[in-house]
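Take a look at the letters that make up each chain.
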Amino acid sequence: MAKIVIIGGSFGGLTSAFELKRLLGGKHEVTLLSEEPRFVFIPSLPWVALGWKDPKKIVMDLREPLQSKGIQFRHESAQQIDPNGMTVTTSKDMLPYDYLIIATGSAYLFNAIPNLGPDQGHTHSLLTLDHALKAKEALARTLAADSGNIVLGNAQGASCLGPAYEMAMMVDTALRRKKKRSKFNISFVTNEPFLGHFGVGGMGRTRRAMEDEFYDRDISFHLNAEIAGITPKEIELKNGTKIGQDFAMIMPPFRGVDAVMNSQGIGNPKGFVPVDEHYKHKIYPNIYSVGVAMAIPPCNTPVPVGVPKTGDMTVQMARIAARSIASDITGQKSDPLPDIHVLCVADAGDTAMFMYGSPFQAPRNRALVKKGRWAHWAKVAFEHYFMYKIRRGMTYLP
Ligand SMILES: Cc1cc2nc3c(=O)[nH]c(=O)nc-3n(C[C@H](O)[C@H](O)[C@H](O)COP(=O)(O)OP(=O)(O)OC[C@H]3O[C@@H](n4cnc5c(N)ncnc54)[C@H](O)[C@@H]3O)c2cc1C
């Protein structure tokens, strides 16, 4: 009987666990450990910050769906991986494994810039439900005023770039609904060399689409931006530009989690895990990594921009890793490897931008950008569908 240990209880970890159990049945042991006992549908956090989403609707306890499929769940934090001894040391135990999947997401480098972040700084974030709830309170106060300055953006080195675009467009929509748009400045600050770059050099006409959208909404933007300093009232860029702020949401750069950083030979210097096209570790063939935890080399840009690993990409990676492990164990040949595509909807509250690229990096077979209210409703529906799939362990569905 093979023992498979999965670290992480989100898009990557849950999809890997359900897929492995489905492919291998009861003959092999699948254990998932997560330091969080619940799953949060992170893509809906911008709606939480706007006050448009009840957080209860996007949170689910992990134990029930996992145990109902025969997957062992441990609410523990992985602290160190020993790839030679094939063990994971956790906050409570030492777990042996035959195969390991690292789906731990990332740690957030708020200390990359003084005063960045909601805990010790003067900016907000949408990376966790707690951060989104804190942002919601502060944004509501700002939007209740007669006038103000709102800054949304991505710090130098950031890779999760889409949420700042969504927030900029949604804040614009919220202000128009309140009939106060002309009293507020909305500024967008980004490490990208052009709007719609998204860490992948753009996709089809994302540049033109995002530029049109920002001009139409009168959102001013600062490209190749490096933030030098943050005060409660101002964001200062390294080129000397000062932007007034009453509310700011700035995405920080990421690094790998401590469990990877503390384990020799597992991660690159930033703590992301180098893998091959099966998401298998480049040195240890029984270790896999999917989602935000794995390493993708960045594009060449004047200011560092990371490559985003979206939820949809993470699910595709997890399916490939699970199939590779299952075929290793059973000796059955696995299907040919599919290209990883990117499918993303950048919501604006009143409309949305649907973006698709296959493969996710250029040159591509297909790139498509479409805008419409239907895309907004598709994003709303997708949240319900994904929560349903996780509740039922049906991650094999498209
Ligand atoms: C605001 C926002 C909006 C987004 N919108 C979209 C969108 O519209 N579409 C889209 O496709 N993607 C979107 N994304 C990206 C998407 O959320 C990520 O791609 C996805 O969460 C990655 O999943 P993951 O499993 O790799 O990591 P994560 O979701 O980061 O999960 C990591 C898991 O590992 C656990 N963990 C971490 N360290 C340890 C440890 N040491 N021991 C045990 N457990 C550990 C955590 O508790 C967590 O369960 C968005 C992201 C953000 C922040």
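Everything quoted here is computed from the prediction, not taken from an experiment.

S.K.: So what's going on with the site of the ligand? Residues and values would help.
M.R.: As a matter of local geometry, the ligand sits amid 34 residues, with Ser10, Ala78, Lys309, Gly311 and Lys379 nearest to it. Contacts to the ligand include Gly9, whose backbone N or O atom sits 3.0 Å from an oxygen atom. Ala103 is positioned with one of its backbone polar atoms (N or O) 3.4 Å from an oxygen atom of the ligand. For the ligand, whose unbound accessible area comes to 1000 Å², protein coverage reaches 89%. In terms of residues, the shell around the ligand owes the most to one element, helix 8 (residues 311-330), which gives 3 residues. Counting only domains with at least three residues in the shell around the ligand, you end up with domain 1 (3-108 + 254-337) and domain 2 (111-253).

S.K.: Describe helix 4 (residues 129-144), naming the residues involved and giving the relevant values.
M.R.: In this model helix 4 runs 22 Å from its N-terminal to its C-terminal C-alpha over 16 residues, within 8% of the 22 Å that 1.5 Å per residue would give. Taken residue by residue, helix 4 has Leu129, His131, Ala132, Ala135, Ala138, Leu139, Thr142 and Leu143 as its buried positions.

S.K.: Tell me about the domain arrangement of the chain, residues and numbers included.
M.R.: Think of interface size as the accessible area that goes away when the parts come together; that is how it is often given. Partitioning the chain into structural domains gives domain 1 (3-108 + 254-337) and domain 2 (111-253). One C-alpha centre belongs to domain 1, the other to domain 2; they are set 29 Å apart. Domain 1 puts 25 residues into the contact, and the matching count from domain 2 is 33 residues. Approximately 2400 Å² of surface area, both sides summed, lies buried where domain 1 meets domain 2, with 74% of it carried by carbon and sulfur atoms. Three residues, Tyr108, Phe254 and Val303, lead the burial of domain 1 against domain 2; their summed loss comes to 25% of the area buried on that side. Seen at the junction of domain 1 and domain 2, the total is 0 salt bridges. Counting across the interface, domain 1 meets domain 2 through 3 residue pairs in polar contact (both at pLDDT 80 or more). Where the side of domain 1 that touches domain 2 is concerned, the elements lending two or more residues are strand 3 (38-40), helix 2 (45-50), strand 10 (107-108) and strand 18 (254-255).

S.K.: Kindly report on the sheet that holds strand 8 (residues 94-96), identifying the contributing residues and their values.
M.R.: What the 3 strands build is an open sheet, ordered 6-7-8; its pairing is antiparallel. In this open sheet, the two edge strands, each paired with only one partner strand, are strand 6 (78-82) and strand 8. Across the sheet, the mean angle separating the axes of adjacent strands is 20 degrees when strand polarity is ignored. Bridge count for strand 6 against strand 7 (residues 87-90) is 4 bridges, and the pairing is antiparallel. Paired with Ala78 across the two strands is Thr90, which belongs to strand 7.

S.K.: Which residues make up the pattern of salt bridges, and what values go with them?
M.R.: In this structure the tally under the stated criterion is 19 salt bridges. The salt bridge partner of Glu19 is Arg22, with a shortest N-O separation of 2.8 Å. Taken together, the residues span about one helical turn, with Glu19 and Arg22 both in helix 1 (residues 11-24) at a distance of 3 residues. Salt-bridge contacts for Glu213 lead to Arg217; the nearest nitrogen and oxygen are separated by 2.8 Å. The exposure classification of Glu213 matches that of Arg217, with both residues buried. Through salt bridges with shared partners, a single network forms among Asp172, Arg176, Arg181, Glu213, Arg217, Asp350 and Lys371.

S.K.: So what about the sheet that holds strand 22 (residues 366-372)? Which residues, and what values?
M.R.: Taken together, the 3 strands give an open sheet; going across it, the order is 20-21-22, and neighbouring strands pair in antiparallel fashion. The sheet terminates laterally at strand 20 (342-347) and strand 22, the two strands that pair on one side only. On average, each strand axis in the sheet is tilted by 10 degrees relative to the strand beside it, whichever way the strands run. The pairing of strand 21 (residues 352-358) with strand 22 spans 7 bridges and is antiparallel. Across the sheet, the residue bridging to Met355 is Val369, located in strand 22. Sitting on the sheet, helix 6 (residues 206-216) is in contact with strand 21 and strand 22, with an inclination near 170 degrees to strand 21.

S.K.: How would you explain helix 8 if you had to name every residue and give the values?
M.R.: The terminal C-alpha atoms of helix 8 lie 28 Å apart, and with 20 residues this matches the ideal 28 Å at 1.5 Å per residue to within 8%. Among the 20 residues of helix 8, 14 are classified as buried, and the element is accordingly described as predominantly covered. Where helix 8 ends, the next residue or the one after it, Gly331, has phi of about 80 degrees, a positive value.

S.K.: Outline the environment of Glu166, listing residues and values.
M.R.: Mapped onto the elements of the fold, Glu166 is located in helix 5 (residues 162-177). When the C-alpha atoms of Glu166 and Gly117 are compared, they prove to be 19 Å apart, with 49 residues separating the residues in sequence. Setting aside residues up to four positions removed in sequence, Glu166 forms contacts with Pro46, Val345, Ala346, Asp347 and Lys379.

Rules and cut-offs
Residues numbered from 1 in each chain as written. Predicted model: local features only at pLDDT ≥ 70, side-chain atom pairs only at ≥ 80, totals over all residues. Heavy atoms only, no water. Near = heavy atom within 4 Å. Polar contact = N/O pair within 3.5 Å; in protein donor to acceptor, adjacent residues only side chain to side chain. Areas by Shrake-Rupley, 256 points an atom, 1.4 Å probe, with all protein chains shown as cover. Helix = DSSP H or I, 4+ residues; strand = E, 2+ residues; numbered from the N terminus. Domains from an automatic or database assignment. Expected span 1.5 Å × (residues − 1). Buried < 20%, exposed > 50% of the residue type's maximum accessible area, 1.4 Å probe, protein only. Contact = heavy atoms within 4.5 Å. Buried area = accessible area lost by both parts, 1.4 Å probe. Salt bridge = Lys/Arg side-chain N within 4 Å of Asp/Glu carboxyl O. Pairing = 2+ DSSP bridges. Axes fitted to C-alpha atoms, helices over the stretch in contact; angles between N-to-C directions.

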